[in-house]
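Given next are the chains, with one letter for each unit.
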Amino acid sequence: MITLNLPRPRPRALQNLCDACVFAHIVRGHARGEEMIFCGFAFPLRHVPFAVRECTDFKAKPAPESRRGPGFAEHPAGEEWEDVAEIRTVIVSRAEDP
């Protein structure tokens, strides 16, 4: 009798399109495989019980922004913000009317 030891191919992890969609509401647990996905494209939320390959309502999440400094100022290209921002306290005294 001949015994063959053939490696079993592992199933590929399916890439879910919902991971990159702005409408997806994804809840993941601590254990592997604990995941609930809901589509928020239309009200009420729709439960998605499988990995999505194509979707007509898909909208990609925006690319992550580059590192921004304090406040609303845009980060100038080629310059670096200091790691610790200087904080200035301005005390405005109000002159009381005599």
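Above this text sits the structure in question.
Residues numbered from 1 in each chain as written. Predicted model: local features only at pLDDT ≥ 70, side-chain atom pairs only at ≥ 80, totals over all residues. Heavy atoms only, no water.

A.B. asks: Give a description of the overall build of the protein that names residues and reports values.
C.D. replies: If you tally the helices and strands in the protein, you get 0 helices and 3 strands. Starting at the N terminus and walking to the C terminus, you meet the elements of the protein as β-β-β. Looking at the protein as a whole, 10% of its 98 residues qualify as buried. Contacts in the protein between residues at least 24 apart in sequence constitute 36% of all its contacts with a sequence separation of at least 6. When the accessible surface of the protein is split by element, carbon and sulfur atoms take 56% of a total near 10200 Å². (Helix = DSSP H or I, 4+ residues; strand = E, 2+ residues; numbered from the N terminus. Buried < 20%, exposed > 50% of the residue type's maximum accessible area, 1.4 Å probe, protein only. Contact = heavy atoms within 4.5 Å. Areas by Shrake-Rupley, 256 points an atom, 1.4 Å probe, with all protein chains shown as cover.)

A.B. asks: Residue-level account of the environment of Leu17, with values.
C.D. replies: Tracing the chain through its elements places Leu17 in the segment before strand 1 (24–28). Looking at Leu17, the relative accessible area reads 24%, which means it is partly exposed. Every residue in contact with Leu17, bar those within four places of it in the chain, is listed here: Val52, Arg53, Glu54, Cys55 and Phe58.

A.B. asks: Describe in detail the sheet that holds strand 1, supporting the description with residues and values.
C.D. replies: Paired through their backbone hydrogen bonds, the strands of a sheet run either parallel or antiparallel. Reading across from one edge, 1-2-3 is the order of the 3 strands in this open sheet, with antiparallel pairing throughout. Looking along the sheet, the strands with just one partner apiece sit at the ends: strand 1 and strand 3 (46–47). Bridge count for strand 2 (residues 35–39) against strand 3 is 2 bridges, and the pairing is antiparallel. Within the sheet, the bridge partner assigned to Phe38 lies in strand 3 and is His47. (Pairing = 2+ DSSP bridges.)

Read these as geometric descriptors, not functional statements.
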